[in-house]
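Survey of secondary and tertiary structure
Below are the chains, spelled out letter by letter.
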Amino acid sequence: MAVFDALYARNYDPLYAAKDYAGECEMVLAAISRHGRRPVQTLLDVGCGTGGHAIELARRGLKVTGVDLSASMLELAAGKTSALPEGSGPAWLCGDARSFDAGARFDAAIMMFAVVGYLTANDDVAAGLANIRRHLEPGAVFVCDFWYGPSVLATRPTDRIRVLDSEGAQVIRASHTTLDVARHTADVSIRLWAIGPGARVAQTQELHRQRYFFPQEFAYLLAQAGFEMCSISAFPSLDAGLDEDTWNALVVARAVP
């Protein structure tokens, strides 16, 4: 079953319209300033989706390359860059986090909105992190966030329904989550209906398998890939401590020689 197919991709931005991309990019730049050991001109955004972070960081003068496995998401991202000065928009690359080749090395990298959780097996996580490290200069900063295991187990995901109006249609998104505590994964089953004029209905169903992580295991996975963990905190703060109410953990790491 594909994820982020055309119908879900078209409704992705309306569903997450409240997400503070500008604020998160400020946090990313603060993390790079605090922990980086090199000037930053280029940035790699892995799992860039419809380009929320990549476009905002390009606006701030960085040369950004966005990578995503979903061609539908990248098509939407590319269509949102018309307001940027010619030649300043991100470059877009369709590829798998574990194996893409951007043909360059970067001064920083991000993997936001818990995208690293889509790498569910240990080998997948190891391959994804190693591939990102391969694309980074020594001393480059890597920023990511993930579902924080202690909170996932303490509070447990709940079924959710969202209803919104989007481009003349009513969109209904329903999700149901099942945990596999042995594998540290959550299967999020998503159904989406878009009800347009004349009660015309388009629908899709997707299964998003997400891994949740624990601090020491993630620090180990980073180290195996050639990173050192600089900080871990409650997303989106660089300083707030983690607790059982922290659904997302924010990690800042640095590429070691």
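For the structure, check the block above.
A brief look at the structure comes next. In this text the structure is predicted, and so the values were computed from the model without any measurement.

Describing the packing of aromatic side chains
- Summed over all chains, the structure comprises 11 aromatic pairs.
- Residues Tyr16 and Phe113 carry aromatic rings whose centres are separated by 5.2 Å and whose planes lie at 85° to one another, so their mutual orientation is edge-to-face. Within this pair, whereas Tyr16 is found in the loop between α1 (6-15) and α2 (21-35), its partner Phe113 is found in the loop between β4 (106-111) and α5 (122-134), the two being separated by 97 residues in sequence.
- Since its relative accessible area comes to 31%, Phe113 is described here as partly exposed.

Things to note about the pattern of salt bridges
- Considering all chains together, one arrives at 13 salt bridges under this definition.
- Asp13 is the salt-bridge partner of Lys80, the closest N and O atoms lying 3.0 Å from each other. Residue Lys80 is located in the loop between α4 (71-79) and β3 (91-94), and its partner Asp13 is located in helix α1; the two are separated by 67 residues in the primary sequence.
- Look at Lys80 and you get partly exposed, because its relative accessible area is 33%.
- A salt bridge links Arg38 to Asp107; the shortest N-O distance between them is 3.2 Å.

Here is what the cut-offs are and how they apply
- Residues numbered from 1 in each chain as written.
- Predicted model: local features only at pLDDT ≥ 70, side-chain atom pairs only at ≥ 80, totals over all residues.
- Heavy atoms only, no water.
- Phe/Tyr/Trp six-rings, centres within 6.5 Å; stacked < 30°, edge-to-face > 60°.
- Helix = DSSP H or I, 4+ residues; strand = E, 2+ residues; numbered from the N terminus.
- Buried < 20%, exposed > 50% of the residue type's maximum accessible area, 1.4 Å probe, protein only.
- Salt bridge = Lys/Arg side-chain N within 4 Å of Asp/Glu carboxyl O.

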